[in-house]
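Here is how the chains run, residue by residue.
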Amino acid sequence: MTIGPVDATQVPRYAGDTTFARLPRLADVADADTVVWGVPFDGGVSYRPGARFGPNHIRQSSRLLRPYNPAQDSEPFARAQVADAGDLGANPFSLDEAIAAVEDGARALSGTSRTLLTIGGDHTIALPLLRVQHERHGPIAVLHFDAHLDTWDTYFGAPYTHGTPFRRASEEELIDFDHAMHVGIRGPLYSRLDLDESEKLGFSAVHARDFVRSPIDDIVNRVRERLGDRPVYVSLDIDVLDPAFAPGTGTPEAGGLSSAQLLEVLRGLEGLNVVGADIVEVSPAYDHAEITGIAAAHVAYELLSVLPGRPA
Ligand SMILES: N=C(N)NCCCC(=O)O
Ligand SMILES: [Zn+2]
Ligand SMILES: [Zn+2]
């Protein structure tokens, strides 16, 4: 038996403690299989700030999630004990310190067997999170949802930013590049070389334009073929969604996925070996009516439906 969300027939959804999906806090369960962890940090952003407020915005927007997921015939809070581990106290004045703290925190929280779903924060944090995944799994398959490649080298000479985590991860040999894929790439680039370099590292890509031309099942098949049966880490930048579906983000690009398209791709991961995930770049000051927060909460819900269940 798992401890699930607060019963909405007893305590109205808008009342009480703001944990993700009104789940118990980590300290209130004997042990958790999956931990939702907030990393409120935006020291790596190149444009609009504010993703440091992302974790609590996603939590607030997750109050309406219900226990049964008909799209996957799954009960994500019953198939595993999910708990909210609260937030990392990331240093807002030192990027290096914050990155080290994400790495240490993720290692401590995940232990030897727990699954981590991190809610961010800007995309810089994918690097330390991948380091910890690599410790457990070796070079790891990566499914990267984003408008942006995030394989750039430096900004203003800075190596650690939200536009560079996958370049650093490749230098550190954290990624299994036979099974690495971007989904949702679009928008103006600095040069044609950006795409060439990402491809040279080993990322294949489903571009946002492909969603206009191809049936969703073909895209899901491409993703599944690319990832195979490898342990997969999902890193999801909410700006993969069109600004109409996720205005609350730091570097918005037109022509993105709809929420429905994104949720369908996530449901298509069922049966793959997804071992961890992050959802980043939610910047609530630019959000309206919780549009972005709700999208992020539903993304988390679909991910929880495919992340490992409680071992039999
Ligand atoms: N990871 C995100 N969201 N954005 C990267 C944008 C890098 C740039 O300013 O060109
Ligand atoms: Zn992005
Ligand atoms: Zn990104």
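Calculation rules
- Residues numbered from 1 in each chain as written.
- Chains lettered and ligands numbered in written order.
- Predicted model: local features only at pLDDT ≥ 70, side-chain atom pairs only at ≥ 80, totals over all residues.
- Heavy atoms only, no water.
- UniProt positions renumbered as here; feature names shortened; annotations may be inferred.
- Donors = N, O, S within 2.8 Å, 3.2 Å for Na, K, Ca; no water.
- Near = heavy atom within 4 Å.
- Polar contact = N/O pair within 3.5 Å; in protein donor to acceptor, adjacent residues only side chain to side chain.
- Areas by Shrake-Rupley, 256 points an atom, 1.4 Å probe, with all protein chains shown as cover.
- 1 Å grid on protein atoms, 1.4 Å probe; cavity = no way out; pocket = protein on both sides within 12 Å on 5 of 7 lines; lining within 4 Å.
- Sits in = over half its atoms within 2 Å of the grid points.
- Nonpolar A, V, L, I, M, F, W, Y, C, P; charged D, E, K, R; others polar.

- Looking at an unreviewed UniProt entry, one finds the chain named Agmatinase, with Nocardioides humi as its source organism.
- The UniProt entry for the chain carries the following comment under Sequence similarities (unreviewed entry): "Belongs to the arginase family. Agmatinase subfamily."

## Observations regarding the coordination of the zinc ion (ligand 3)
In step 1: Around the zinc ion (ligand 3), the protein contributes the donor atoms H123 (ND1), D146 (OD), D150 (OD) and D237 (OD), at 2.0 to 2.2 Å from the metal centre.
In step 2: Taken in sequence order, the residues that donate to the zinc ion (ligand 3) follow the motif H-x22-D-x3-D-x86-D.

## Quick look at the site of ligand 1
In step 1: Taken together, S46, H123, H148, D150, W152, Y155, H162, Y190, D237, D239, T251 and E281 make up the full set of residues adjacent to ligand 1.
In step 2: H148 has a polar side-chain atom sitting 3.4 Å from a nitrogen atom of ligand 1.
In step 3: In this structure, D150 approaches ligand 1 through a side-chain N or O atom, which is 3.0 Å from a nitrogen atom.
In step 4: Compared with its free state, where it exposes 310 Å², ligand 1 has 92% of that area covered by protein.
In step 5: The cavity that encloses ligand 1 is the largest pocket.
In step 6: For the shell around ligand 1, the residue count by class is three nonpolar, five polar and four charged.

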